[in-house]
Amino acid sequence: MADIIQLLPDHVANQIAAGEVVQRPASVVKELLENAIDAKSDQIKLVIQDAGKTLIQVIDNGIGMSPTDARMSFERHATSKIKTAADLFKLKTKGFRGEALASIAAVAQVELKTSNTENQFGTHLKIEGNEIIFQEPTTTSKGTNIAVRNLFYNIPARRKFLKSDAVETRHIINEFHRVALAHPQISFSFFHNGKEIYNLLTGNLRKRIVAILGKKANDQLVPIAEKTDLIEISGFVSKIEFAKRKKDEQFFFVNNRFIKSPYLNHAVQSAYENLIANGLHPSYFLFLSVNSERIDINIHPTKTEIKFDDEKTIYAILKASVKHSLGQYQVAPILDFERNANLDTPYYFKNKVSSTPKIEVDPNFNPFKTQASQNIREQKKNIGNWESLYSGISSGIENEMEHKSELFQNELTEATTFQIHKKFVISSIKSGVVIIHQNLAHQRILYEEFLEKITVEGAVSQQLLFPLEISFNKEEIKLIKEIKEDLENCGFQIDQIFDDKIVIKGIPSGINEGKTTIIIEQLLADIQNDLPENSFSQLDSMAKSLAKSTAVKTGQYLNAKEQEELVNKLFLCKQPESSPYGKKTFITINLSEIDNKF
Ligand code: ADP
Ligand code: MG
């Protein structure tokens, strides 16, 4: 039998490749915009007609091309961006495969005008279905102007399958958003059927987000800034109250390239767990920067998927940073004051050797007595822990922290507070008023304090004058034996355990001696109900339970100093917005809301 294998002619090969690269007008928009960015432009204009079906044009002020390069750029695998396979691992550009222009020219009528600074003349070139119609010198300003007309003009079947103008335009706008968000330092304009739909000036990321999504976005954003050896995370997430049904404002950029990642999305979503209702989704604009040798973005031709070497660690860091920022910023903007994301420490549980409680008798103990500034000092002390969790944190934080904390305190202490119905503490803030639920807020404060004592510092005990005997049933005694060490970590000093009773000689400082029995009973009940699976959740249940039983109750009078202390301490918490059991601790009412009532 005769030989039957032949090489495909280039134009056929290009058309096949085009099937991968060019799915719809939006794909062309993406490739052309990315080429303009790779060419170091700082002004880019996108013009489309009829949802890109008639015309897609991108005009940039980048480096342009020489006459030879202009012709070469339409060859398959022609690229200026990589030279060797090794370059693939340190990509700094958007493109690298060198097939976009060849693919586009295979399925559309393309006209190119381009000029660089070295050549006297620019180039004017027309190519249709991979066939050069003409190439001639021309005078044109530095940069590249490329027009793609009548996409799929030579493949009627594909042209017929394009969706309605509305749908195709939506796809184009999405691509435009992704590119524009990743490059706030570049100005973009966008015209559709002669009408300007975007004119984005250069600025920072926050400005760019607001320019794209509208002014309302400004109040919704919580900044994130996290730096570790492995990954740097920056950008914004939305506050919990702005979670949406639609997932249309979720953006990940890895090394400034938009990517889709259900895995990373899950990390962010899980940081909002218990904070937003089921079925709601946060918005986010997150920039991850990773050493490009540790990722593989080449697994999909349109390059929106990615593989990380250290997926699990990245997941954990991402989730922790989002949680951390939410905790801090949830409150700060209410006080019209921005806190530095690096200030606070996350809870730190790992590698904690259980320590014998320190004994300190303080009969005059008053839970509200400690100054907020002491709390700040404590926070500072914990920076070491933060560092060991995420190594690579910058120095100089201490100073900044002191400064910010002072600011933060001034914000609060200048405000006057008052108590109503022995239940709420009201404080005026710049944007209106904040109404704090005294019991729930105090639970939050104590919970964080207990947790920190138990896990980081070692609890402080107060010695009882007379040892206290408390009776328990068998089940309870069994449980006490199991959790004895954790109880001691909390500050309980258990002298003896019998079959039906225990003898206690010390209790956590801050606990009213007369209530010891009831508090321990409650603690055991809570732990039994919570059924904690591991030792951390056991400690967590204890901290919750102790916080609940020792917090000031509704009906308790608080003097001015105590009220102030409550406010100060609450807003120094890591998650001030909710009680340990997930209830709101405070609400705010804006001046405008109050005004509207009149
Ligand atoms: P890739 O971007 O993967 O290199 P393309 O087919 O998109 O492949 O582009 C081929 C080459 O054409 C690029 O490597 C670049 O050298 C050149 N090029 C394309 N668009 C522009 C532009 N707007 N400005 C300057 N050079 C460009
Ligand atoms: Mg390209």
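Refer to the structure printed above.
If you're wondering where the values come from, they're calculated on a predicted model, not measured in any experiment.

Participant: Which parts of the structure should I look at to understand the overall build of the protein?
Facilitator: Regarding its fold elements, the protein presents 19 helices and 23 strands. Within the span of the protein, comprising 598 residues, buried residues form 52% of the whole. For the protein, long-range pairs separated by at least 24 residues make up 70% of all intrachain contacts whose partners lie at least 6 apart in sequence. Summed over its atoms, the accessible surface of the protein is roughly 29200 Å², and 51% of this surface lies on carbon and sulfur atoms.

Participant: Can you walk me through the packing of aromatic side chains in this structure?
Facilitator: Remark: the centre distance and the inter-plane angle together describe each pair of aromatic rings, the angle taken between the planes. Counting across every chain of the model gives twelve aromatic pairs. Ring centres of F251 and F253 lie 6.2 Å apart, and the angle between their planes is 0 degrees; on these two criteria the pair is classed as stacked. In this structure F251 comes out as buried when scored by relative accessible area, which is 6%. Aromatic pair F251 and F258: ring centres 6.1 Å apart, planes at 70 degrees, arrangement edge-to-face. For the residue pair F251 and F258, the accessibility class agrees, reading buried in each case. Taken together through their ring pairs, the aromatic side chains of F251, F253, F258, F285 and F287 make up a single cluster. Directly above the aromatic system of F191 lies the positively charged group of K45, at a separation of 5.0 Å from the ring centroid. Against the face of Y581 rests K544, its NZ or CZ located 5.8 Å from the ring centre.

Participant: Teacher, can you tell me more about the packing of helix α6 (residues 165-182) against helix α7 (residues 205-213) here?
Facilitator: The relative placement of two packed helices is expressed as an angle between their axes plus a distance between the axes. Where α6 contacts α7, the axes come no closer than 9 Å and their chain directions differ by 160 degrees. One way to sum up the angle between α6 and α7 is to call them roughly antiparallel. As α6 runs across α7, the sense of the crossing is right-handed. Contact residues: H177, A180 and L181 in α6; L205, R208, I209 and I212 in α7. A breakdown of the residues in the contact of α6 with α7 according to their chemical character gives five nonpolar, one polar and one charged.

Participant: What exactly am I supposed to notice about the sheet that holds strand β12 (residues 257-259) here?
Facilitator: Whenever strands of a sheet pair, they do so through backbone hydrogen bonds, lying parallel or antiparallel. Reading across the sheet, the five strands line up as β9-β10-β13-β11-β12 and stay open at both edges, with mixed pairing between neighbours. Strands with a single pairing partner mark the edges of an open sheet, and in this sheet they are β9 (221-227) and β12. Strand after strand, the sheet turns through a mean of 20 degrees between neighbouring axes, direction not considered. Sheet analysis places strand β11 (residues 250-254) next to β12, joined by three bridges and oriented antiparallel. Of the residues in β12, the one forming a bridge with F252 is I259. Docked against the sheet, α6 engages β11, β12 and β13 (284-290), running at close to 55 degrees with respect to β11. Of the strands in this sheet, β9, β10 (231-238) and β13 touch α7, which is tilted by about 40 degrees from β10.

Participant: Explanation requested: the site of ligand 1 in the structure shown.
Facilitator: In the vicinity of ligand 1, 19 residues are found, and the nearest of them are N35, T79, S80, K81 and G98. G98 is positioned with one of its backbone polar atoms (N or O) 2.7 Å from an oxygen atom of ligand 1. At the level of secondary structure, the elements contributing two or more residues to the shell around ligand 1 comprise α2 (25-38) and α4 (100-106). Of the residues that constitute the shell around ligand 1, the class distribution is seven nonpolar, eight polar and four charged.

Participant: Is there a simple way to think about a nonpolar patch on the surface in this case?
Facilitator: Where nonpolar side chains cluster on the molecular surface, the patch consists of M1, I4 and I5 and spans about 490 Å² of accessible area. Looking at the element boundaries, I4 is found in the segment before α1 (10-21).

Participant: Could you clarify how one ought to interpret the nonpolar core in this entry?
Facilitator: Soluble globular proteins tend to pack their nonpolar side chains together in the buried interior. In this structure, L32, L46, F74, F176, F188 and I209 are the most contacted members of the largest nonpolar core, which totals 59 residues. With near-sequence residues (within four places) excluded, F74 lies in contact with L101, A102, A105, V110, L112, L125, I127, N130 and I146.

Participant: Teacher, can you tell me more about the pattern of salt bridges here?
Facilitator: It is possible for side chains of opposite charge to pair when their charged atoms get near one another. Tallied over the entire structure, the rule returns 13 salt bridges. For K30, the salt bridge identified is with E34, shortest N-O distance 3.6 Å. Note that K30 and E34 are positioned in helix α2 at a spacing of four residues, about one turn of the helix. One exposure class covers both K30 and E34, and it is buried. Across the salt bridge formed by K244 and E249, the nearest N and O atoms sit 3.2 Å from each other.

Participant: Looking at this structure, how should I read α7?
Facilitator: Given 3.6 residues per turn, any residue in an α-helix points the same way as the ones three and four places further on. By the criterion of burial, α7 is predominantly enclosed, with seven of the nine residues buried. Taken together, the buried positions of α7 are L205, R206, R208, I209, V210, I212 and L213. Its buried side turned inward, α7 meets α6, β7 (187-192), β8 (195-200), β9, β10 and β13. One or two residues past the end of α7 sits G214, with phi positive at roughly 105 degrees.

Reading the values: rules and limits
- Residues numbered from 1 in each chain as written.
- Chains lettered and ligands numbered in written order.
- Predicted model: local features only at pLDDT ≥ 70, side-chain atom pairs only at ≥ 80, totals over all residues.
- Heavy atoms only, no water.
- Helix = DSSP H or I, 4+ residues; strand = E, 2+ residues; numbered from the N terminus.
- Buried < 20%, exposed > 50% of the residue type's maximum accessible area, 1.4 Å probe, protein only.
- Contact = heavy atoms within 4.5 Å.
- Areas by Shrake-Rupley, 256 points an atom, 1.4 Å probe, with all protein chains shown as cover.
- Phe/Tyr/Trp six-rings, centres within 6.5 Å; stacked < 30°, edge-to-face > 60°.
- Lys NZ or Arg CZ within 6 Å of the ring centre and 35° of its normal.
- Axes fitted to C-alpha atoms, helices over the stretch in contact; angles between N-to-C directions.
- Parallel < 35°, antiparallel > 145°, perpendicular 65-115°, else oblique.
- Left-handed = near helix turned anticlockwise from the far one by under 90°.
- Nonpolar A, V, L, I, M, F, W, Y, C, P; charged D, E, K, R; others polar.
- Pairing = 2+ DSSP bridges.
- Near = heavy atom within 4 Å.
- Polar contact = N/O pair within 3.5 Å; in protein donor to acceptor, adjacent residues only side chain to side chain.
- Patch = residues over 30% accessible without salt bridge, like charges linked within 9 Å, V, L, I, M, F, W, Y side chains within 5 Å.
- Salt bridge = Lys/Arg side-chain N within 4 Å of Asp/Glu carboxyl O.
- Core = buried A, V, L, I, M, F, W, Y, C linked by side-chain atoms within 4.5 Å.

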